[in-house]
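Here is what each chain is made of, one letter per residue.
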Amino acid sequence: MRFLRRCGLGCLKIKVHVETCPHHKGDLRLDIHFEHRVLLDIKISDIADSLAKGQYGTRESKEVAIEGRVQFDLFQAMQRDYKLSSYSLNSVSAHFLAEQKEDVHHSIISDLQNGNAETRRRLAVYCLKSHKYKTTEANMMRSSLQHFNSERWQIWNTNDMNTNGSSLDGYWDAYLPQRLLDKLMYIYNYVEMARVTGVPISFLLSRGQSIKVLSQLLRKAKQKNLVIPNAKQAGSEQGTYEGATVLEAKAGFYEKPIATLDFASLYPSIMMAYNLCYCTLVTPEDVRKLNLPPECVNKTPSGEIFVKSNLQKGILPEILEELLTARRRAKADLKEAKDPLEKAVLDGRQLALKISANSVYGFTGATVAQLPCLEISSSVTSYGRQMIEHTKKLVEDRFTTVGGYEHNAEVVYGDTDSVMVQFGVPTVEAAMSLGREAAEYISGTFIKPIKLEFEKVYYPYLLISKKRYAGLLWTNSNKFDKMDTKGIETVRRDNCLLVKNLVTECLHKILIDQDIPGAVQFVKSTISDLLMNRMDLSLLVITKGLTKTGDDYEVKAAHVELAERMRKRDAATAPNVGDRVPYVIIKAAKGAKAYEKSEDPIYVLENNIPIDPQYYLENQISKPLLRIFEPILKNASKELLHGSHTRSISISTPSNSGIMKFAKKQLSCIGCKALISNTDRTVCSHCKGREAELYCKTVDNVSELEMLFGKLWTQCQDCQGSLHQDVLCTSRDCPIFYRRKKAQKDMAEAKLQLDRWKF
DNA sequence: AGCTCAGACGTTTAAACGTCATTGC
DNA sequence: CTGCACGAAACAAGCAATGACGTTTAAACGTCTGAGCT
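Residues numbered from 1 in each chain as written. Chains lettered and ligands numbered in written order. Predicted model: local features only at pLDDT ≥ 70, side-chain atom pairs only at ≥ 80, totals over all residues. Heavy atoms only, no water.

Trainee: Could you give me a rundown of the protein's contact with DNA strand C, with the residues and numbers involved?
Mentor: G208, T240, G243, V368 and Y615 are the nearest of the 30 residues found near DNA strand C. Within 4 Å of the protein, the contacting atoms of DNA strand C are drawn from sugar and phosphate to the extent of 81%. The contact in question runs from a phosphate oxygen of DNA strand C to an N or O atom on the backbone of G208, over 2.9 Å. Separating a phosphate oxygen of DNA strand C from a side-chain N or O atom of N619 is a distance of 3.3 Å. Counting residues per element, the ones that place at least two in the surface near DNA strand C are α15 (340-365), α21 (594-597) and α23 (613-629). Its residues assigned to classes, the surface near DNA strand C comprises nine nonpolar, ten polar and eleven charged. (Near = heavy atom within 4 Å. Polar contact = N/O pair within 3.5 Å; in protein donor to acceptor, adjacent residues only side chain to side chain. Helix = DSSP H or I, 4+ residues; strand = E, 2+ residues; numbered from the N terminus. Nonpolar A, V, L, I, M, F, W, Y, C, P; charged D, E, K, R; others polar.)

Here it is, written out as structure tokens:
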């Protein structure tokens, strides 16, 4: 708890996740030590199952509350704050720390523990990830305990574990989370967030957004001596209301700068401008009874009536005002900050305030929450819809040739609080000045504090459809800031890496290098590699989240079916609800559904099952590519997907498939691949004279593959922290793992070829 | 008896629709 | 004190949009069969 104390927190809690064995439920006890004292012992049966549902997905976890400890489960924090393809400690560490740990599945742990001294020793090495280990039974116990705890990798104070003076400074499963915690400045940001919203830190992980808003509301209400009704409004089962407008996207490749005009914090500023709140909402009867003059009320586009702030200032606008002022202050501080660490902390602070401000609107529209008020939320969105249409009209009416400008402005797209305008001017600089002019002009037509800001220019700009676009982002006219992509495969997690890399690379070549032939060439060579089976398996792994249990799905989906099959194969290693399921598509009978062709990548590697390159070409690569190339290249489909590079394919047949049981294996010539009789063994009559050359080639091939495998093996040994042990790691997230397995297989095959020379 | 052709019936293809995962704002 | 049945309490930001894929429905197509004609 060293880091917690450092932060000056009075209340400390620890959260422990324990995998329980059904036979020992009840008599297994867990002691929590701290500075030589037993703080607490818990019966495992006291540990509660908790089921977290909501926007962060459904996930089961076990927890036990211990007074005096702050619980901070990094696993949960990670899932909330970052969108990753995998949340294993391994892959997260690789992502943020560029460091990995060996990934031994917990189902192997008991085998290692129950084996002999050597296997237990092996387990200890894994657990400690350190050369300094002792093979005493006590350490073993602690090692396995450590592992069980780390299955959901919470912070475990390394100091607590070390208080008996041992030199076990490398509890890796604890060390990595702590490194992550420091690197991502979780404590600092979460303390900040807790202060701003007025909730305990544990709420930030265990509960949702609405508790934060409620907490602020309660705080404010107390100041004003108001009470908040406890009862949920009856009959609020009407569900949804109309949301924001998304302007029609005029898809295409724009080679002129596109200026982006954004409303600053649209929904919060609407609520402030029109004084929308629970306590300012009045009915038409109220207006009549109280004899409210019309100049004291606002009627929203959705028909609701709110009194103006001179009569009664709303609580929500007040909260928002505070949040936004604080955010502005945080942003100003951020600008002054020089030190990268300080910068990151201040950025986290302003982000927290922004999120808080935005969820106030969401809180009023949540029909299942404590205090729904659809009058407010639908008023907010109706104002928003009106404003974006108004903005579009104003831009297109004012910036015209008739009005004295060089070109007619055109709004090509807009979503909720932004419009993308093509002013027609050729340079970024000119677009920027027009953008600034437009923002200022249009802001003047709205009530304070609603403000339209000019933020950035996209040039060039590739608009694919609503919520899908890419472009180079410019905030100053000298140099573009970065390539920005929204909604397309580069930012989505449900595609394989191959698609992601390919699309990213193509966009890079098209937008930055402006090298369209280069992009085409790259696509062609990638497709050729794929069809020739030269693709690394890790690039072909698709992951999708398992959001509910198998029975609750109404239609069959690849990842769901695979999870079911894996459960039947081995329930221990199968993915659970909330996990992301990695899979690859394998060859199967023609016309087979995708869910019949999905398979666990590790299973594929171990059983030498051929993947289906055609599927990847037709169902993964082709459509995303065409969407990008279509606006740029005519005949894109013909050029990219049906060229000569698609001709040569490598056909792999599964050795264990049904039909192959009836086929007789026949040798082929090592030189020219012609079929030869089994008596010849090595080469056909044509290649007879080249035997020496061919033999050398085979030997070279074997030694090359041996070197590659050796290199990968060493790398994995390095990662597990010992060069004297077998590599046990089976991480589905590690590209080295796939390459190592493949190299091993290739090497074995090459050796078989070599053996044929021995008569 | 042999041929033709409408209609029944089975199979393939296409379109419409719904579910699911994911992202944008 | 423990186990069981039962009821109460607690919990959950929003909507818009795309695209992949499975399922259902409709349409097109092909084959077969038996009535009717020559």
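Next, the rest of the story.
Trainee: So what's going on with the pairing of strand β7 (residues 258-263)? Residues and values would help.
Mentor: Every regular strand shows the same layout, with side chains that alternate between the two sheet faces. Most of β7 sits inside the fold, with six of its six residues counted as buried. Burial along β7 is two-sided: the residues I258, T260 and D262 and A259, L261 and F263 are all buried. Bridge count for β7 against strand β12 (residues 418-422) is five bridges, and the pairing is antiparallel. In the sheet register, L261 faces β12, and the bridge partner there is V419. Bridge count between β7 and strand β13 (residues 452-465): six bridges; the pairing is antiparallel. Bridged to F263 within β13 is L452. (Buried < 20%, exposed > 50% of the residue type's maximum accessible area, 1.4 Å probe, protein only. Pairing = 2+ DSSP bridges.)

Trainee: Go over the pattern of salt bridges with me, naming the residues and quoting the values.
Mentor: In this structure the tally under the stated criterion is 22 salt bridges. In this structure, K220 engages E318 in a salt bridge whose closest nitrogen and oxygen atoms are separated by 3.5 Å. Here E318 lies in helix α14 (residues 315-336) and K220 lies in helix α11 (residues 210-223), a separation of 98 residues in the sequence. A single burial state applies to K220 and to E318, both of which are buried. K466 serves as the salt-bridge partner of E248, at 3.5 Å between the closest nitrogen and oxygen. Here E248, found in the loop between β5 (246-247) and β6 (252-254), pairs with K466, found in the loop between β13 and β14 (468-474); they are 218 residues apart in sequence, far enough to count as distant. Overall, E248 belongs to the exposed group, its relative accessible area being 59%. Under the relative-accessibility criterion, K466 is labelled partly exposed at 34%. Look at the salt bridges and you will find they share partners, linking K220, K224, E318 and E322 into a network. (Salt bridge = Lys/Arg side-chain N within 4 Å of Asp/Glu carboxyl O.)

Trainee: Now, about α23: what can you tell me, with residues and values included?
Mentor: Along α23, the sharpest change in direction is near 45° and occurs at I621; proline P624 comes one to four residues later. The set of residues buried in α23 consists of P613, Y615, Y616, L617, Q620, I621, S622, P624, L625, L626, I628 and F629. In this structure D612 caps α23, since a side-chain oxygen of it lies 3.2 Å from the backbone nitrogen of Q614. (Bend = angle between axes of the 7 residues up to and from the residue.)

Trainee: Hey, could you go over the protein's contact with DNA strand B for me, with residue numbers and the actual values?
Mentor: Near DNA strand B lie 20 residues; those nearest to it are D417, G487, T547, Y553 and R580. Protein-adjacent atoms of DNA strand B, using a 4 Å cutoff, are sugar or phosphate at a proportion of 88%. At 2.5 Å, a side-chain N or O of T547 approaches a phosphate oxygen of DNA strand B. With respect to DNA strand B, the side chain of K548 contributes an N or O atom lying 3.3 Å from a phosphate oxygen. Here the surface near DNA strand B is composed, by residue class, of three nonpolar, five polar and twelve charged.

Trainee: An account of the packing of aromatic side chains is requested, with residue identities and associated values reported.
Mentor: This structure, assessed with the given rule, holds 19 aromatic pairs. Ring centres of Y459 and W474 lie 6.1 Å apart, and the angle between their planes is 45°; on these two criteria the pair is classed as tilted. Separated by 15 residues along the polypeptide, Y459 in strand β13 and W474 in strand β14 bring together distant segments of the chain. For Y459, a relative accessible area of 27% puts it in the partly exposed group. Chaining the aromatic ring pairs together yields one cluster made of Y254, Y413, Y458, Y461 and Y469. Over the face of the ring belonging to F480 we find K479, whose NZ or CZ atom lies 4.4 Å from the ring centre. (Phe/Tyr/Trp six-rings, centres within 6.5 Å; stacked < 30°, edge-to-face > 60°. Lys NZ or Arg CZ within 6 Å of the ring centre and 35° of its normal.)

Trainee: Talk me through the environment of K597; I want residue IDs and the actual numbers.
Mentor: Within the secondary structure layout, K597 lies in helix α21. In this view, K597 contacts V584, I585, I586, A588, A592, D612 and Y615; residues no more than four positions away in its chain are not counted. (Contact = heavy atoms within 4.5 Å.)

Trainee: Explain the sheet that holds strand β18 (residues 598-599) to me, and be specific about the residues and the numbers.
Mentor: Reading across from one edge, β16-β17-β18 is the order of the three strands in this open sheet, with antiparallel pairing throughout. Both outer strands of the open sheet, β16 (542-545) and β18, are each paired with one neighbouring strand and no more. As paired strands, β16 and strand β17 (residues 580-585) are joined by four bridges and run antiparallel to one another. In the sheet register, G545 faces β17, and the bridge partner there is R580.

Trainee: Tell me what's going on with the nonpolar core, and back it up with residues and numbers.
Mentor: Formed by 141 residues in total, the largest nonpolar core has its most connected members in L261, I270, M271, V395, F423, Y616 and F629. Three or more residues apiece are contributed to this core by two domains, here domain 2 (539-641) and domain 3 (667-756). Beyond its immediate chain neighbours, meaning those up to four positions away, V395 contacts L261, A409, V411, V421, F423 and I442. By size, the runner-up hydrophobic cluster in this structure holds 28 residues, among which are L176, L180, L181 and L184. (Core = buried A, V, L, I, M, F, W, Y, C linked by side-chain atoms within 4.5 Å. Domains from an automatic or database assignment.)

Trainee: Residues and numbers for the domain arrangement of chain A, please.
Mentor: Put simply, an interface is often sized by how much accessible area is lost when its parts join up. Examined at the domain level, chain A breaks down into domain 1 (4-130 + 172-184), domain 2 (539-641) and domain 3 (667-756). For domain 2 and domain 3, the distance between their C-alpha centroids amounts to 28 Å. In this assembly, nine residues from domain 2 lie in contact with eight residues from domain 3. For the pair domain 2 and domain 3, the summed buried area comes to about 760 Å², and 65% of that belongs to carbon and sulfur atoms. Our enumeration of links across domain 2 and domain 3 arrives at zero salt bridges. For the pair domain 2 and domain 3, the interface holds one residue pair in polar contact (both at pLDDT 80 or more). Looking at the side of domain 2 that touches domain 3 element by element, the count peaks at four residues for helix α22 (residues 601-607). Classifying every residue of the side of domain 2 that touches domain 3 by side-chain character gives six nonpolar, one polar and two charged. (Buried area = accessible area lost by both parts, 1.4 Å probe.)

Trainee: Before we move on, could you go through the sheet that holds strand β9 (residues 297-299) and cite the residues and values that matter?
Mentor: Spatially, β8-β10-β9 is the arrangement adopted by the three strands of the open sheet, whose pairing is antiparallel. At either margin of the open sheet sits one strand with a lone partner, and together these are β8 (281-282) and β9. Where β8 and strand β10 (residues 305-307) come together, two bridges link them in antiparallel fashion. From the neighbouring strand, L281 faces β10, where its bridge partner is F306. Its contacts with the sheet place helix α16 (residues 374-398) against β8, β9 and β10, and it is angled at close to 95° to β10. (Axes fitted to C-alpha atoms, helices over the stretch in contact; angles between N-to-C directions.)

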